[in-house]
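The primary structure of each chain is shown beneath.
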Amino acid sequence: MTEPLKIAIAGLGTVGAGVLKLLAKNGELVAQRAGRRLTVTAVSARDKKRDRGVDISALKWFDDAAAMAQEADADVIVELVGGSDGIAKKVCETAIARGRHVITANKALLAIHGTALARAAEAKDVSLGYEAAVAGGIPVIKAVREGLAGNRIQRIYGILNGTCNYILTQMRKTGRAFEDVLADAQKLGYAEADPSFDVDGIDAAHKLAVLAALAFGTEVNFKGVHIEGIRHVSPMDLDYAKELGYRVKLLGVARMTEHGLEQRVHPCMVPLETPIADVEDVFNAVVAEGDFVGNAVFEGRGAGAGPTASAVLSDLVDLARGRRAPTFGVPVDSLARPPVSPMEKRRGSYYIRLMVVDRPGVIADVTAVLRDESVSLEAMLQRGRSPNETVPVVLTTHDTEEAAMNRALKKIGASSHVRETPRAIRIEAL
Ligand SMILES: NC(=O)c1ccc[n+]([C@@H]2O[C@H](COP(=O)([O-])OP(=O)(O)OC[C@H]3O[C@@H](n4cnc5c(N)ncnc54)[C@H](OP(=O)(O)O)[C@@H]3O)[C@@H](O)[C@H]2O)c1
C-alpha cells in the first residue's frame, strides 16, 4: 500500500467525534477501498479535557485550529467547527493557502464564501470537499456532480432540514401547534435552543444555495434565495392539505427560468402521491430532474454523527484515491452569474385560508377580488357554518403569477369581514 492519507480534524463535536469513531470501526475496510490507510494525525477543539467517547491521546493536539491548518503533518484539513465566519473560515483559508486539501460539513460557510473558497482552492490546485454539508448522509453532491454529469438539470428540490420536517410531521400526526412540537423537538435534541436557523428556513437556504451552484454551474448566491420558515403553518392548514390531497413540507427549490435563477425555501403543499410526501420526521430527500435521467430521488438521514461522518468519509476516500473534481462541477471562471428570478414572477397554484365572518356576501366579495386580479379558483371548502362568528374558508387556485396573488391577498386581508391575515401556501407541481 502507498503512504497513508494524513488527516487533521478541526472540531470534535457531533461530527468530528463521529469521523474518529467511524475510522476506528471501519478503518480497515476504508483502507482496502481507498487503496491506502486514512490516518488522523492531529486534532483541534476548544476543550482538550472533554471526553469525546473516542481515544485521542495519540493524536497531536492544537488549541488553535488555524495553527493546526498551517503546521500539522497533514495532507487534508477537515473543518468540522461550524459558522460562516470566524475560525472555520480561517481554518479553510489557511489550509488552502498552505496547499492542503479541505473537507468541510459547513453549509453556512459555503453558502456565504463558497465561490471565493472554490477559487482559492483552484488556484492552489487543492480540493474542497463538502459532501457532508448538504443533506447529511445522502451522497447527493457526488450524485449530482458525477452520477448526473450528462444531464442538464431542470429543477432540483428537496427537504433539506430535518428539524422542520420532524416538526411538520409531528404537527400533522398529533394536531398539536408549532410551539408545542418545537419544545418537544428541543427536548429530544432535534432542535437547537435557538431554533431560528432551522425553523426560519436559513439552514435549508444555505444548503439550497450550494446545491443550486452545483446543479446549474453558477456562483453560490445565498442572498438570492427567497426564504420563509414554518412558524406560520398551523395544524388546521395541515388538515386541509390532507383533505385536498397534499402534505405540507418545507422545500428548497431551485430552477433556471427565463428570468434567471429561482431559489426559494418555503412551506409547500406537495401531492400525496409523490415520493417526497412520504419523507417524514428527521429524514431529508433531494429530487434532481435531469433532461435525460428524468427524476432521480435520494432519501436518507440529513444529520447526526453517523450519517454526517459517512459523508465526510466519502470525500476522504476520493482524496485518498486521488480522485479530484472542480468544487462546483466546472472551473470557477466558468461559473455563471445569472440574475435572480424575482419571487413575484413565480407561476403556480396556491392554497389560501381565510378566517371570515360568516355573513352573506362575504364569499362573493372574495371571489370578486380574485376575478379582478385574474386569479382563477380551482376549489373552495367551507366547513361548518356559524352565523356572525369567524369560520375558515379555504380556496385553491389555478396557476397564477405570485404578483397577482399578492395583490389579491392584500385586498382580501383589508376587508372588514376577514379577521386574520390570510394564510397562503404555495402548491408545488411535482
Ligand atoms: N451535527 C450534525 O448532524 C451536522 C450535520 C451536517 C453538517 N453539520 C455541520 O458540521 C459542522 C460541525 O457540527 P457539529 O454538530 O459537530 O458541531 P458541534 O457538536 O457544536 O461541535 C463543534 C466543535 O467545534 C469545536 N470548536 C468550537 N470553536 C472552536 C475553536 N475556536 N477552535 C477549535 N475548535 C472549536 C468545539 O470544541 P469543544 O468540543 O471543545 O467545545 C466542538 O468540538 C457544522 O458546520 C455543522 O453545520 C453538522
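Quick caveat, the model's predicted, so the values are computed rather than measured.

1. Considering the site of the ligand
Logical step 1: Around the ligand lies a shell of 25 residues, among which Gly11, Gly13, Arg46, Gly82 and Ala303 are the nearest.
Logical step 2: Looking at the shell around the ligand, the element that brings in the most residues is helix α1 (residues 14-34), giving 3 residues.
Logical step 3: The class makeup of the residues in the shell around the ligand is 11 nonpolar, 10 polar and 4 charged.

2. Quick notes on the sheet that holds strand β1 (residues 5-10)
Logical step 1: Pairing is parallel in the open sheet, where 6 strands are placed in the order β3-β2-β1-β4-β5-β6. Every other strand in the sheet has two partners, leaving β3 (60-62) and β6 (128-129) as the edge strands with one partner each.
Logical step 2: Direction of pairing for strand β5 (residues 101-104) relative to β6: parallel, over a ladder of 2 bridges. Paired with valine 102 across the strands is leucine 128, a residue of β6.
Logical step 3: Against the sheet, α1 contacts β1, β2 (38-44) and β4 (76-79), and its axis sits at roughly 160° relative to β2.

3. Describing the packing of helix α4 (residues 107-123) against helix α9 (residues 202-216)
Logical step 1: Interaxial distance between α4 and α9 falls to 8 Å at its minimum, and their mutual angle equals 55°. If you check the angle between α4 and α9, you find them oblique. Judged by the twist between their axes, the crossing of α4 over α9 is left-handed. In contact with Lys107, Ala108, Leu110, Ala111 and Gly114 of α4, α9 contributes His206, Lys207, Ala209, Val210 and Ala213.
Logical step 2: Tallied by class, residues from the contact of α4 with α9 come to 6 nonpolar, 2 polar and 2 charged.

4. Topic: the nonpolar core
Logical step 1: By size, the foremost hydrophobic cluster in this structure holds 141 residues, and its most contacted members are Val210 and Val312.
Logical step 2: Among the elements that line this core, the one with the most residues is α9, at 11 residues.
Logical step 3: In this structure, valine 210 is in contact with Lys107, Leu110, Ala111, Gly114, Tyr130, Ala133, Val134 and Val220, ignoring residues within four places of it in sequence.

5. Section: the domain arrangement of the protein chain
Logical step 1: Per the domain assignment, the segments making up the protein chain are domain 1 (5-133), domain 2 (140-301) and domain 3 (344-427).
Logical step 2: Taking only C-alpha atoms into account, the centre of domain 1 sits 28 Å from that of domain 2.
Logical step 3: Counting residues at the interface gives 10 residues for domain 1, matched by 10 residues for domain 2.
Logical step 4: Taken together, the residues of the side of domain 1 that touches domain 2 sort by class into 6 nonpolar, 2 polar and 2 charged.

6. Some words on the pairing of strand β7 (residues 153-159)
Logical step 1: Burial analysis of β7 places 5 of its 7 residues in the buried class, the great majority of the element.
Logical step 2: Relative to strand β11 (residues 283-290), β7 runs antiparallel, the two being bridged by 6 bridges. Bridge pairing links isoleucine 153 to glycine 290 in β11.
Logical step 3: Bridging between β7 and strand β9 (residues 246-257) involves 4 bridges; their strand directions are antiparallel. Across the sheet, the residue bridging to glycine 158 is glycine 252, located in β9.

7. Quick word on the packing of α1 against helix α11 (residues 305-321)
Logical step 1: Running from N to C, α1 and α11 point in directions that differ by 45°, and their axes come no closer than 9 Å. For the element pair α1 / α11, the angle class is oblique. Pair α1 / α11 crosses with right-handed handedness. Two secondary-structure elements touch here, α1 through Thr14, Val15, Ala17, Gly18, Val19, Leu22, Val30, Arg33 and Ala34 and α11 through Ala305, Gly306, Thr308, Ala309, Ser310, Val312, Leu313, Val317, Ala320 and Arg321.
Logical step 2: When the residues that make up the contact of α1 with α11 are grouped by side-chain class, the tally is 12 nonpolar, 5 polar and 2 charged.

8. Topic: the pairing of strand β13 (residues 347-357)
Logical step 1: Looking at chain direction, β13 and strand β16 (residues 400-401) are connected through 2 bridges and run antiparallel. From the neighbouring strand, arginine 347 faces β16, where its bridge partner is glutamate 401.
Logical step 2: With 5 bridges connecting them, β13 and strand β17 (residues 423-427) associate as antiparallel partners. Bridge assignment links arginine 353 to a residue of β17, and that residue is arginine 423.
Logical step 3: Here β13 pairs with strand β15 (residues 390-397) via 7 bridges, running antiparallel. Bridge pairing links methionine 355 to proline 392 in β15.

9. Structural notes on the environment of arginine 359
Logical step 1: With respect to the element layout, arginine 359 can be found in the loop between β13 and α12 (362-372).
Logical step 2: Residue arginine 359 is classed as exposed on the basis of its C-beta count, with 12 C-beta atoms lying within 10 Å.
Logical step 3: Residues arginine 359 and phenylalanine 283, spaced 76 residues apart in sequence, show a C-alpha to C-alpha distance of 44 Å.
Logical step 4: Dropping the residues within four chain positions of it, arginine 359 is found in contact with Asn388 and His417.

Cut-off values and rules
- The written sequence of each chain sets the order in which its residues are numbered from 1.
- Where local features are concerned, this predicted model is filtered to residues with pLDDT of at least 70; where side-chain atom pairs are given and counted, the filter is 80 or more; whole-chain, interface and lining totals use all residues.
- Here, nearness means that the C-beta atom of a residue, built from backbone geometry, sits within 6 Å of the molecule or strand in question.
- Helix and strand assignments come from DSSP, with helices taken as H or I runs of at least 4 residues and strands as E runs of at least 2, each series counted from the N terminus.
- Charged means Asp, Glu, Lys or Arg here, nonpolar means Ala, Val, Leu, Ile, Met, Phe, Trp, Tyr, Cys or Pro, and polar covers whatever is left, Gly included.
- If DSSP finds at least two bridges between two strands, the strands pair.
- With C-beta atoms placed from the backbone, a contact is any residue pair whose C-beta atoms sit within 7 Å.
- Under this scheme, a helix contributes an axis fitted over its contacting stretch, all axes are lines through C-alpha atoms, and angles between N-to-C directions fall in the 0 to 180 degree range.
- For this classification, under 35 degrees means roughly parallel, over 145 means roughly antiparallel, 65 to 115 means roughly perpendicular, and everything else is oblique.
- Two helices cross in a left-handed way if the nearer one is turned anticlockwise from the farther one by less than a right angle. They cross in a right-handed way if the turn is clockwise.
- To form a nonpolar core, buried Ala, Val, Leu, Ile, Met, Phe, Trp, Tyr and Cys residues must be joined through C-beta atoms within 7 Å.
- To sort residues by exposure, count the other C-beta atoms lying within 10 Å of each residue's C-beta; 20 or more gives buried, 12 or fewer gives exposed, and values between give partly exposed, all with C-beta atoms placed from the backbone.
- These domain limits were set by an automatic method or by a database of domain assignments.

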